[in-house]
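Understanding the architecture of this molecule
Here's the letter readout for the chains.
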Amino acid sequence: MSSLKEILINKNITCKSIWFMRQAGRYLPEFRKIRDQNKDFIKLCLNSALSSEITLQPIKRFNLDSAIIFSDILLIPYASGQDVTFLKNKGPKLGEFNLKKFLNRDLDIFIKNLDPVYKAINQARKKLDKKKSLIGFVGAPWTLLVYMLNLKEKDNRISLSKINSKKNNLDLILTKLNEFICLHIQKQIEAGADVIQIFDSWAGEIPEPELNSFCYLPNQKIVKFCKLNKIPVICFPKGIKENYANFNKIIEPDGLSIDYDIDPCWAAKNLTNVVLQGGLHPKFLSESDEKMYVETKKYLDAFKDVPYIFNLGHGLRPETDPEKLNKLIKFVRKYI
Ligand code: CP3
């Protein structure tokens, strides 16, 4: 069994595991080389040979304990029929959401559109050492809705008026989205993914009274689906602060990825019966070695007596120096 699974399933505290969110991507020169020749990001995600190669790039370079499939959470809206484009230095831009088209989307067509992702998982799994996990992933419904309904304003805040105007149809949208997400998870498992991570990157923007309907319930449904399929699942409800404790009690995921706002000592005390992951602010990879080690030690010390997966409090930044990441990995391996 891979070290990641050994921790998530058996809560084995002697087993240590390191991987990084966004480990396959823009900070790596070998990725940039491929990216420069493949201007269309969605097409690149749907090129099975290249996406399995990109998935394995950080494993080859750093011998990390797990690989995460090179793909994107926005392939779900893409496969459901919405236009998705990635503008250089501006991030994703989605076409107008068409309710009727979305609700009537045939599940077979949806899956057919994503078939190259499953082929990429299959190819990567074959080349990956058996002792390493291959992580499949999805975006949580709320985070997908932020992009699908274009809820982000210029200042990066979320416009709730836009979602309120869709209130009557929201349950229908969430139900269909859950169906797409669970199917996508099932297909990733069949293709060879052995752990699933759910990214709820915009959960912190949900007003407190709506947390239950937009964050807890949708994540709970997906976690239940993963448990039914006997696959370990890690949740990442970024930005919900002390509500992490409620989230953990209600949803009961196998793993919980903490963001950089969560104090590690608070987490060790208040987030129990779950395997914790992550925490370190990615910005410390741009500071001095000493500062990076001091900050890293805070997490390693706080979690030394509990099962813990080393990772960051959000994804690796594009400006990260791969050599600096190498130093961090060496430090963590020596310390744990
Ligand atoms: O983690 C990995 O290495 C696997 C691949 C992966 C990507 N996106 C590749 C990618 C994963 C797990 C994601 C998840 C994702 N995508 C999230 C959740 C995690 C998070 O960071 O909060 C979100 C919100 C997205 C949506 C998305 N995709 C955005 C906002 C952007 C543009 C800016 C950015 O953050 O990179 C992307 C593009 C994207 N997805 C790139 C990569 C490598 C960069 C593409 C490029 O070369 O321009």
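Residues numbered from 1 in each chain as written. Predicted model: local features only at pLDDT ≥ 70, side-chain atom pairs only at ≥ 80, totals over all residues. Heavy atoms only, no water.

The immediate surroundings of the ligand are formed by 24 residues, with Arg22, Arg35, Asp72, Ser201 and His314 found nearest. A distance of 2.9 Å is found between an oxygen atom of the ligand and a side-chain nitrogen or oxygen belonging to Arg26. Here a nitrogen atom of the ligand sits 2.7 Å away from a polar atom, N or O, in the side chain of Asp72. Looking at the shell around the ligand, the elements with two or more residues in it are helix H2 (29–36) and strand E4 (91–94). (Near = heavy atom within 4 Å. Polar contact = N/O pair within 3.5 Å; in protein donor to acceptor, adjacent residues only side chain to side chain. Helix = DSSP H or I, 4+ residues; strand = E, 2+ residues; numbered from the N terminus.)

Looking at where Asn246 falls in the secondary structure, it is placed in helix H12 (residues 243–251). Once the C-alpha coordinates of Asn246 and Lys60 are considered, the two residues, 186 residues apart in sequence, prove to be 38 Å apart.

As a further point, take helix H1 (residues 3–10). Of all the residues in H1, the buried ones are Ser3, Leu4, Glu6, Ile7 and Leu8. One or two steps after H1, the chain reaches Lys11, where phi turns positive at roughly 50°. (Buried < 20%, exposed > 50% of the residue type's maximum accessible area, 1.4 Å probe, protein only.)

Our next topic: the sheet that holds strand E5 (residues 133–139). Note on sheets: strands pair through backbone hydrogen bonds, and any given pair is parallel or antiparallel. In space, the eight strands of this open sheet follow the order E1-E10-E9-E8-E7-E6-E5-E2, with parallel pairing throughout. For this open sheet the edge positions go to strand E1 (17–18) and strand E2 (66–68), each flanked by a neighbour on one side alone. Strand direction decides the pairing type here: E2 and E5, joined by three bridges, are parallel. Residue Ile68 lies in a different strand from E5, and its bridge partner there is Ile135. Along the sheet face, H12 touches strand E7 (233–236) and strand E8 (255–258) and points at about 165° away from the line of E8. (Pairing = 2+ DSSP bridges. Contact = heavy atoms within 4.5 Å. Axes fitted to C-alpha atoms, helices over the stretch in contact; angles between N-to-C directions.)

Another aspect to go through is the packing of aromatic side chains. Throughout the structure, instances matching the rule amount to 16 aromatic pairs. Measuring from ring centre to ring centre gives 5.5 Å for Phe31 and Phe70, while their planes differ by 55°; the resulting arrangement is tilted. One end of the pair, Phe31, is in helix H2; the other, Phe70, is in the loop between E2 and helix H5 (75–79), and 39 residues separate them in sequence. No difference in accessibility class separates Phe31 from Phe70, as the two residues are buried. (Phe/Tyr/Trp six-rings, centres within 6.5 Å; stacked < 30°, edge-to-face > 60°.)

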